[in-house]
Structures are given as C-alpha cells and as structure tokens.
Amino acid sequence: MADPDVIVIGSGGGGGVIAKELGEAGLQVLVLEAGPWYGNSQWPEPNAERGGRQSADPADLNIHLLRAQYDKREEEMNDLIAGKLRWGPADRGRAPWFRNFKQRGFAWQNSGVGGTTQSYFANSPRAIPSTIDGIWPVSYRELIPYYEKVECTLPVAFAPTTAKEELFYYGARKAGWQLNPTLDVTVPGYRPQPNAILPPNPDLMNPKYSMERLSWMEGCTLAGHCVNGCPHGPSVDKVAKRSTLVSYVPLALSTGRVAIRPNAFAVRILTETHPAEGLRAVGVRVRNTWTGETEELRAAAVVMAAGAIESPRLWLNSGLPDNPWVGRGLANHYIDWVTGMFDERELLSILGSPEIDPFVGHTSGGRLDYPGLGSVMVSGISPGLTASMSFGISEAGYAGTERRGRIVGPELQHWMEQYRRTLSLAILTDDEVDCRNGISVDPVLKDEHGPVPIVNYVPTRRSVEKREKLAAIAVDLLRRAGAKKVHRADWPAALMIHMESTMRMGFVVDDHGEAYQTKRLFIADNSVHYNGIGGANPTLTTQALATRTAERLAAKYVR
Ligand SMILES: Cc1cc2nc3c(=O)[nH]c(=O)nc-3n(C[C@H](O)[C@H](O)[C@H](O)COP(=O)(O)OP(=O)(O)OC[C@H]3O[C@@H](n4cnc5c(N)ncnc54)[C@H](O)[C@@H]3O)c2cc1C
Ligand code: SF4
C-alpha cells in the first residue's frame, strides 16, 4: 500500500479492531506489526525465514499452517524466551526484547499479528459501571453500543459449565453470593464468564464424531489449552477462541482496504508543525526486524496500538511533547492466585465424578465480581503452567506452614499428583491508579529500537488491602466448596498481565482517542483506560473504545 490514509501501529487487542473499523469506513489502512504472522501462507516458516512483505488478501489465511504452528505443547507455545507466543522478534536466532523491571516480575505479552490476544483467556466482561460513571470522560451508557458491536462481532457468549465452573458456583452459592446473569455488574455476585469463544460444537457428545474430526469443525471442543493459542476450527476466521488474529484481522482483510505488515517495528512517530493544526503526526519510521532496514512511511493519521508499555515508550522515544501523564498511572489488577485441593469423596457427591480436571473447558468460565474490590475467576490451566502459576511464582519466598508462597520438593509433588482434583482461582484487584507507577525510558540502556522501557509498579496501600479481601473471599469460597487444603501463591506485584492506563483518556488523549498535544495521532490500546475498570479483564473495553475511536477518526479526517 503506497499511500495509506491511516497507519496503525500494532495488531493486538486494540489495533486489529481499529484497522477493521477504519477499513469498513472506507479508509486505506496499513498496519505495522512488530512480530510474526502465524497462519498466513506468505510466511510458511515465520520463525525461520523472512517470508513475504505484507498481506492484504484473506485467501492468504491458512488453517493447516495455523494448526501446524499453534501446537499444544506448553513449552513450545508459552516459554517466555523461546515460545512461539513470546515478546520478541520472529527470528528465533535473536533474543526477546528487553524491558527493565525495577522490582521482581515480568510483563506477559505476545508480539505478532493478534498481539497478546493470542495467549489471552478470551474473558470479555464489560467494565464495572461505577468505575466509569462520573470518573471517565465518557459514561458507561455511551459505551454500551460499542460494547454491543464488539460482543456481536467477536462474538462473546456466556461460557458453558464444565466441572471446575460447577464446583466454583457451588462454593459461591454456599458462601452466600447471588447469581448475576447479566453483563452489567452493579452489586457483588457470581456469573458465567462472558467469553470471546464460540459455543461448543453441538455434536460434542455425539459418539459418531471423533475429537479429531470435531476439532476441524466449527465450535469449541472444550479441550482446554486456550492460553496456548487455540487452533480448533474449519478455517482461520472460524477458530473457536476469538483472538484478534482470527476475528478482527480476517474481517479487516475482507474490507479490501487493509494491508498488514508483520516484522515491522515502528521506532518513531514523524511529525510536522502545520499552520492551522499545530504539531501533527504525518507518518512513522519503521524498522524491518529481519533485515534491520528502516524506512519512512506517511499517512493522514497515525494510530498507536502498541500496548500499554510500548505506546508510551514510542511517544517518549519520538520526542513528542512533554506531558506528565505519558507513561504514568499504570494499573495491573494486582493479580494473585489461590488453589484448593479436594478429595475424591467430596467431589463425587458434588460433581458425580472423582475429579475436576481443570484442563477441560474454557481456561476461565466463571467469575465473581465485587464492585469496589475486583474479581475472582476460575482459572484452569494445563499442568506445567499450573506448577508455575500456583506454586512457582511468589513474592513470599518459600511456603512454610503458612500455605502461602513457593512450594518445592515432596509438597510440590503432592500438589501436582493431585492436579486433577485442584481448582485454581485468579484474583484481579480493582487497583488504584498512582502516578508514581508506569513506564519511562532508560537513560542508558538501548536496543535496536531505541531506549528500552523501564516498568515500575508498586501497589498502593488501598490496593494491597483490596487484594487481601479478595483473597479471603477466594479462600472462603474454596473452603465452602469442600477444599481440604488451600494454597495462596502471593504473586509479585509486578507480574504484569493486565497492563493498562498509561496514556489516560482525559490526560494524554481526549475522549475521541486523539492526543491533546499531537493532532492526527490516536491511541487505541489498553493504555487509554482512565483506570483499571474495577478489575474487569480489560480487552473488551479497549475493543469498544477502538471501535468508537475509529468512528471519530474517520469522521474528522476522512479525505
Ligand atoms: C496469559 C494471558 C491471559 C490474558 N487473558 C485475558 C482475558 O481473558 N481477557 C482480557 O480482557 N485480557 C486478557 N489478557 C490481557 C490481554 O491480552 C490484553 O488486555 C490485550 O491483548 C491488550 O491489547 P493491546 O492492544 O493493548 O496490546 P497487545 O494485544 O499486546 O497488542 C500490541 C501489539 O503491538 C505490537 N507492537 C508493540 N510495539 C510495536 C511497535 N513499536 N511497532 C509495531 N508493533 C508494535 C505488539 O507486537 C503487539 O502485537 C491476558 C493476557 C495474558 C498474557
Ligand atoms: S477450550 Fe479453548 S482451546 Fe479448546 S476449542 Fe475451546 S477455545 Fe479452543
């Protein structure tokens, strides 16, 4: 595409959405994506060879390639250094991209077309209304039509109940919580998780169909492994877990106006001073991650959708105007992880089966929301990830009799032997925005894309208190469900999975997503959230806002 109307930087949770919406609005869109493209026949060996330059044709999408590339081996997919879904260049001969953490932790992100939605659990709840109304520059009511559009496009559906959700609901009811069967959360309650996952195939229990055959058909197979990148479906655009790779990206290509270039890292926003508009974005300097070549591309508008760490980094490395809120106010849902172990007899009486089998079904199919505190979610992941998430990652050091911290040796062996009888709950805290938390750039350390980001996150006293209260709720729920032992991981605060709110609406961008200080520069990723939306998983809100921003951008700058 020689002369795009809009350049979008990043193709993840927000970038994929705004590209499709702008294409449908009649604009020519070029998406620059730093990582590889899986499931596209222009890149048959995406981690070993450079492949093509860009793709604009839905016919390039190939389910056989996607299935070969998205295998189910946890290590091959999720290893942070060498996994296919790592944060780094496509070229496996090269190291991941570095970021400087000031405290223990890491950022769990993916590069590549689809961004971090390749790994995400696909949980798609709306924001808690009380964290939007009277606080954000837009109201919850104004967001509803955009939520509805995204929910319909992905699509989002309430998760089916497998054994782990049944046990979770049982415990929630026994602990006195009420069912909330709606999408709006105004009072505490539990509910099935709204997930961007296709409903189960209607023939799932039909003995005439093998699992292999079902996995080539439309619909979820409840086979688990969503976090490793779901490969199940008859074609790329019908894959069960609706990462943007398989939902918005195919729709964007179908407009005939969107081209996506993987292996293309944006290193600078180009600007000029216009007599009427003042400082405005006019293009992007981009670096090919295979060859190291750079080029300058121009467009009428630029959208940053590089994520909550890279968007502020790009702003700062581009020398855009000073703004004390650029990179500031990082929220992370101050996450923790609690696991219960159940015995056979108890399970038989509740589930009619001696095992929970946490790997079966959606990775997370049920939640309990508590406005003002956050959320507690069922989280059933495969054994290797469970060993890390439940027992291997902790701020508290090694667990003693406290049942909190890292577990090793015979105790770890015992928990993992009982893996099929465990239920894990993730805690997502409604953490406070604090301007001392955030992203800055390192004055000394640089990589090939400029000064590296420094990530700083220390929860406030109130956030710590809220997490403690949620952990107590999770422990109580597991105990009421009959857990014989309960273990709390106590994750390090800076283990970042839900990074948001580093380029806040009302401080860095206006309520249309346009930067106050640089006209024609828009932001459409998690970074524009004003706050942590109450502990609701962030992506649906980013996608709703990206849909709205596309509408505003097209109305203002369409040629
Ligand atoms: C294990 C896991 C589970 C999760 N589960 C959920 C869930 O169930 N529900 C939920 O709501 N959220 C979940 N999340 C979080 C979710 O993935 C993010 O909220 C979402 O992907 C953020 O969208 P984004 O557009 O801000 O960033 P990303 O999706 O990270 O997209 C940014 C993209 O920009 C590219 N990029 C970055 N810098 C540049 C550059 N300079 N030039 C070109 N390209 C660039 C990146 O390669 C990436 O593809 C989960 C995350 C993880 C890790
Ligand atoms: S359970 Fe997850 S991995 Fe399995 S088909 Fe459904 S969405 Fe895909």
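Residues numbered from 1 in each chain as written. Chains lettered and ligands numbered in written order. Predicted model: local features only at pLDDT ≥ 70, side-chain atom pairs only at ≥ 80, totals over all residues. Heavy atoms only, no water.

Section: the UniProt feature "domain: Glucose-methanol-choline oxidoreductase C-terminal" (unreviewed entry) in the chain
Sites flagged by UniProt as "domain: Glucose-methanol-choline oxidoreductase C-terminal" (unreviewed entry) map to residues 451–546. When the span residues 451–546 is considered, its composition is 29% helix and 17% strand, and the gap between its end C-alpha atoms is 28 Å. (UniProt positions renumbered as here; feature names shortened; annotations may be inferred. Helix = DSSP H or I, 4+ residues; strand = E, 2+ residues; numbered from the N terminus.)

Here we look at the sheet that holds strand β13 (residues 336–341)
Strand pairing in a sheet relies on backbone hydrogen bonds, with the paired strands running either antiparallel or parallel. On the basis of which strands lie adjacent, the open sheet formed by six strands has the order β6-β14-β15-β16-β13-β19 and antiparallel pairing. With partners counted over all chains shown, the strands left at the sheet margins are β6 (189–192) and β19 (485–488), one partner each. Between one strand and the next, the sheet's axes are offset by a mean angle of 20°, whatever the strand orientation. Note: β6 against strand β14 (residues 366–370), four bridges, orientation antiparallel. By the bridge assignment for β14, Arg-191 is matched with Arg-367. Across the face of the sheet, helix α10 (residues 383–391) comes into contact with β13, β16 (422–429) and β19 while running at roughly 110° to β13. Against the sheet, helix α11 (residues 409–417) touches β13, β16 and β19, its axis set at about 115° to β19. (Pairing = 2+ DSSP bridges. Axes fitted to C-alpha atoms, helices over the stretch in contact; angles between N-to-C directions. Contact = heavy atoms within 4.5 Å.)

Let's talk about empty space enclosed by the protein
Tallied over the entire structure, the rule returns four cavities of 30 Å³ or more. In this structure, the second largest cavity is lined by Ile-197, Cys-220, Thr-221, Leu-222, Ala-223, Gly-224, Cys-226, Cys-230, His-232, Ala-240, Lys-241 and Gly-361. Taken together, the residues of the lining of the second largest cavity sort by class into seven nonpolar, four polar and one charged. (1 Å grid on protein atoms, 1.4 Å probe; cavity = no way out; pocket = protein on both sides within 12 Å on 5 of 7 lines; lining within 4 Å. Points joined across faces, edges and corners; volume = space filled by probe spheres on them. Nonpolar A, V, L, I, M, F, W, Y, C, P; charged D, E, K, R; others polar.)

Details of the site of ligand 2
The full set close to ligand 2 counts 13 residues, and Cys-220, Thr-221, Gly-224, Cys-226 and Cys-230 are the nearest of them. Its residues assigned to classes, the shell around ligand 2 shows seven nonpolar, five polar and one charged. (Near = heavy atom within 4 Å.)

Remarks on the site of ligand 1
Among the 36 residues in the neighbourhood of ligand 1, the closest are listed as Glu-33, Thr-116, Asn-123, Asn-526 and Thr-539. Contact distances for ligand 1 include 3.1 Å between a nitrogen atom and a backbone N or O atom of Ala-34. One of the backbone N or O atoms of Ala-266 is found 2.9 Å from a nitrogen atom in ligand 1. Taking 980 Å² as the accessible area of ligand 1 by itself, protein coverage stands at 98%. Of all elements in the fold, only β9 (264–274) and α8 (307–317) reach the threshold of two or more residues within the shell around ligand 1. Top element by residues in the shell around ligand 1 is β9. It accounts for three residues. Of the residues belonging to the shell around ligand 1, the class tally is 16 nonpolar, 17 polar and three charged. (Polar contact = N/O pair within 3.5 Å; in protein donor to acceptor, adjacent residues only side chain to side chain. Areas by Shrake-Rupley, 256 points an atom, 1.4 Å probe, with all protein chains shown as cover.)

Observations regarding the side chain of Ser-382
Looking at the element boundaries, Ser-382 is found in the loop between β15 (374–378) and α10. The exposure class of Ser-382 is buried, given its relative accessible area of 6%. (Buried < 20%, exposed > 50% of the residue type's maximum accessible area, 1.4 Å probe, protein only.)

Remarks on the packing of α10 against α11
Contact pair α10 / α11: the axes reach a minimum separation of 11 Å and the direction vectors enclose 130°. With respect to α11, the axis of α10 lies oblique. Considering the relative orientation of α10 and α11, their crossing is right-handed. Judged by residue contacts, Pro-383, Ala-387 and Phe-391 of α10 engage Leu-412, Trp-415 and Met-416 from α11. Taken together, the residues of the contact of α10 with α11 break down into six nonpolar, no polar and no charged. (Parallel < 35°, antiparallel > 145°, perpendicular 65-115°, else oblique. Left-handed = near helix turned anticlockwise from the far one by under 90°.)

Comments concerning the pairing of strand β1 (residues 6–9)
Residues of β1 alternate between two faces, with Val-6 and Val-8 on one and Ile-7 and Ile-9 on the opposite face, all of them buried. Alignment of β1 against strand β2 (residues 29–32), held across four bridges, turns out to be parallel. For Val-6, the partnering residue across the bridge sits in β2 and is Val-29. Once you follow β1 into helix α1 (residues 15–24) and on to β2, the crossover reads as right-handed. (Right-handed = clockwise from strand over helix to strand, strands pointing away.)

A closer look at the packing of aromatic side chains
One pass over the structure, following the stated rule, counts 15 aromatic pairs. Taking the centre distance of 5.1 Å and the plane angle of 80° together, the rings of Trp-97 and Phe-265 count as edge-to-face. Pair noted here: Trp-97 is in the loop between α3 (74–78) and β3 (100–101) and Phe-265 is in strand β9, with a separation of 168 residues, a long-range link. As far as burial versus exposure is concerned, Trp-97 and Phe-265 are alike and both buried. When the ring of Tyr-140 is compared with that of Tyr-147, the centres are 6.0 Å apart and the planes differ by 50°; the resulting orientation is tilted. Summarising the burial analysis for this pair, Tyr-140 and Tyr-147 share the class buried. The positively charged end of Arg-467 is found above the aromatic ring belonging to Tyr-334, 3.9 Å away from the centroid. Sitting over the face of the ring of Trp-325, Arg-504 holds its NZ or CZ atom 4.7 Å from the ring centroid. (Phe/Tyr/Trp six-rings, centres within 6.5 Å; stacked < 30°, edge-to-face > 60°. Lys NZ or Arg CZ within 6 Å of the ring centre and 35° of its normal.)

Re the sheet that holds strand β21 (residues 521–523)
In spatial order, the strands read β8-β2-β1-β12-β21; together these five strands make up an open sheet with parallel pairing. At either end of the open sheet lies a strand with only one pairing partner, and these are β8 (258–261) and β21. For this sheet the average axis-to-axis angle between neighbouring strands, irrespective of direction, equals 20°. Of the strand pairs in this sheet, β2 and β8 are connected by four bridges, and their pairing is parallel. Residue pairing across strands places Leu-30 opposite Ala-259, the latter belonging to β8. Most of the contacts of helix α13 (residues 539–557) go to β21, to which it runs at about 165°, and overall it touches β1, β12 (301–304) and β21.

Quick look at the layout of surface pockets
When its volume is computed, the largest pocket comes out at roughly 280 Å³. Residue lining of the largest pocket: 17 residues in total, with Arg-50, Arg-53, Arg-261, Asn-288 and Thr-291 positioned closest to the centre. Here the element with the most residues in the lining of the largest pocket is strand β10 (residues 278–288); it accounts for three residues. A per-class count over the lining of the largest pocket returns five nonpolar, six polar and six charged. Reported here for the second largest pocket is a volume of approximately 230 Å³. Here the element with the most residues in the lining of the second largest pocket is strand β4 (residues 105–107); it accounts for three residues.

Description of the pairing of strand β11 (residues 294–298)
One ladder, built from five bridges, connects β10 with β11; its direction is antiparallel. By the bridge assignment, Val-284 is partnered in β11 with Leu-297. Here β10 folds back onto β11, and the loop between the two strands holds five residues, one of which, Gly-292, carries a positive phi near 80°.

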